[in-house]
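Report on the structure
Residues per chain, in single letters:
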There are 2 protein chains.
Amino acid sequence: MPYASDHKQKSREKILTSARRIFKERGFDGVTIDDVMGDAGMTRGGFYAHFRSKGDLIAHALASEGPDEQKPWGALELLGFAELYVSADHRDRPGEGCPAAALTQEIARSDDETRTAYTDFLRRFAEVIDTYLGNDGNALSDDALAIMAQMVGTVQMARAVNDPMMSTRLLKAGRQAVEYLLPPEAD
Amino acid sequence: MPYASDHKQKSREKILTSARRIFKERGFDGVTIDDVMGDAGMTRGGFYAHFRSKGDLIAHALASEGPDEQKPWGALELLGFAELYVSADHRDRPGEGCPAAALTQEIARSDDETRTAYTDFLRRFAEVIDTYLGNDGNALSDDALAIMAQMVGTVQMARAVNDPMMSTRLLKAGRQAVEYLLPPEAD
DNA sequence: GTCTATAGGCAGATAGAC
DNA sequence: GTCTATCTGCCTATAGAC
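Residues numbered from 1 in each chain as written. Chains lettered and ligands numbered in written order. Predicted model: local features only at pLDDT ≥ 70, side-chain atom pairs only at ≥ 80, totals over all residues. Heavy atoms only, no water.

The next subject is the domain arrangement of chain A. Residues and elements named next belong to chain A. What the domain assignment reports for chain A is domain 1 (7–61) and domain 2 (72–186). With centres defined by C-alpha atoms, the gap from domain 1 to domain 2 works out at 25 Å. Taken together, the contact between domain 1 and domain 2 spans 13 residues of the former and 14 residues of the latter. Together, the buried faces of domain 1 and domain 2 total about 960 Å²; carbon and sulfur atoms form 59% of this surface. Its largest share of buried area at the contact with domain 2, domain 1 owes to Lys24, Phe28 and Ala59, together 61% of the area lost on that side. Remark: the boundary between domain 1 and domain 2 carries one salt bridge. Measuring nitrogen to oxygen at the nearest pair gives 4.0 Å for the salt bridge that ties arginine 52 to glutamate 113. Across the domain 1-domain 2 interface, the total number found is four residue pairs in polar contact (both at pLDDT 80 or more). Among the elements of the structure, helix 1 (7–26) and helix 3 (54–63) are those that each provide at least two residues to the side of domain 1 that touches domain 2. (Domains from an automatic or database assignment. Contact = heavy atoms within 4.5 Å. Buried area = accessible area lost by both parts, 1.4 Å probe. Salt bridge = Lys/Arg side-chain N within 4 Å of Asp/Glu carboxyl O. Polar contact = N/O pair within 3.5 Å; in protein donor to acceptor, adjacent residues only side chain to side chain. Helix = DSSP H or I, 4+ residues; strand = E, 2+ residues; numbered from the N terminus.)

Let's shift gears to the protein's contact with DNA strand D. Close to DNA strand D lie 18 residues, the nearest being Ser11, Thr43, Arg44 and His50 of chain A together with Tyr48 of chain B. When atoms of DNA strand D within 4 Å of the protein are split into backbone and base, the sugar-phosphate part holds 67%. Take the surface near DNA strand D: its biggest share by element is three residues, from helix 1 of chain A. Here the residues of the surface near DNA strand D sort into six nonpolar, eight polar and four charged. (Near = heavy atom within 4 Å. Nonpolar A, V, L, I, M, F, W, Y, C, P; charged D, E, K, R; others polar.)

What follows deals with the protein's contact with DNA strand C. Residues in contact with DNA strand C amount to 18 residues; listed here are only the nearest, Arg44 and Tyr48 of chain A together with Ser11, Thr43 and His50 of chain B. Among all atoms of DNA strand C positioned within 4 Å of the protein, those belonging to sugar or phosphate total 70%. Between DNA strand C and the protein, one listed contact pairs a base nitrogen with a side-chain N or O atom of arginine 44 of chain A at 2.9 Å. Within the contact set of DNA strand C, a phosphate oxygen lies 2.7 Å away from a backbone nitrogen or oxygen of threonine 43 of chain B. In the surface near DNA strand C, the residues fall into six nonpolar, eight polar and four charged.

Okay, here's the thing in structure tokens:
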């Protein structure tokens, strides 16, 4: 037989891996199915054996994003995490970065499936922060939500401004702000 | 003569007024020139008597955005300003709201003209905050930049999540965070 | 200055070969 | 399962009438 039994599954993973990166680099509307499939080493026609539509791909790409992933964020303390998140490196490499910093505004205008996948992602993100803070309750803490918003907003604006000095200053101010937002008991 | 002498100028203003609102509601890519011109009461063909291209319109629409404008934000204190900015009303009415909360990510992927117009807008925005804080120096303060990032990031995520409870909690946490970010001397 | 009409290009989705 | 070829619709920009 011409295809191994897990061939389809591997193709699907390749498509998702390409999609996650390219969507974050260029936005949903700036990416065609041809772009994603070409990056994954296939052609457009084969796409529909894996996903129903472009919107379906978007939802699955988002659902497969994890703040825990292969990134080097595991054992660091929260301030170290914030140093990496609110950094020039993260600013300059959106494709390997956080989907919230790259896609939040397009998601706000997307369908329910996509917004649900994003909501779940944000929950996982905030849970990571709460773990750093020592909060192990069920509900997300206000501190975690505020720190997340600070980091996401900062990286976004640092990417958008045209002035390198202002971009650097935004990042610096954002890192400081995370410190100010730490609850007093979490030192 | 069939047209008043200021007719062209008034048409241009109508186009810009429609563009500012529609772009913030649906994003640059989600809006066609037909949409803008239709909203302004004209047809597509007339557009190019006013702007060279869609990108040109985007840059001029952004350049004409002001945080000082006709909005009811004038005389309030900074916390009052933050209450209005980080509110359910602002979340639910992006068309009348801040361009940074609606367009930052698309701008990060736009041409230099657009990014320059955005950078200038952010400077004016941060200057308003610095005025509230009593900072009248030439450079923007870190506090103003951080408060701006907090507000912008919070409203964006509150718009994108699919869970009304989580959206409300994000707004509440974001408003609290602005308080924590106030410098100690500005009480 | 603004209109209608159209040129030209691109992208999402499908059909059918292998 | 993936390929090439194609249908269909939409959008930017231009041409030319009024």
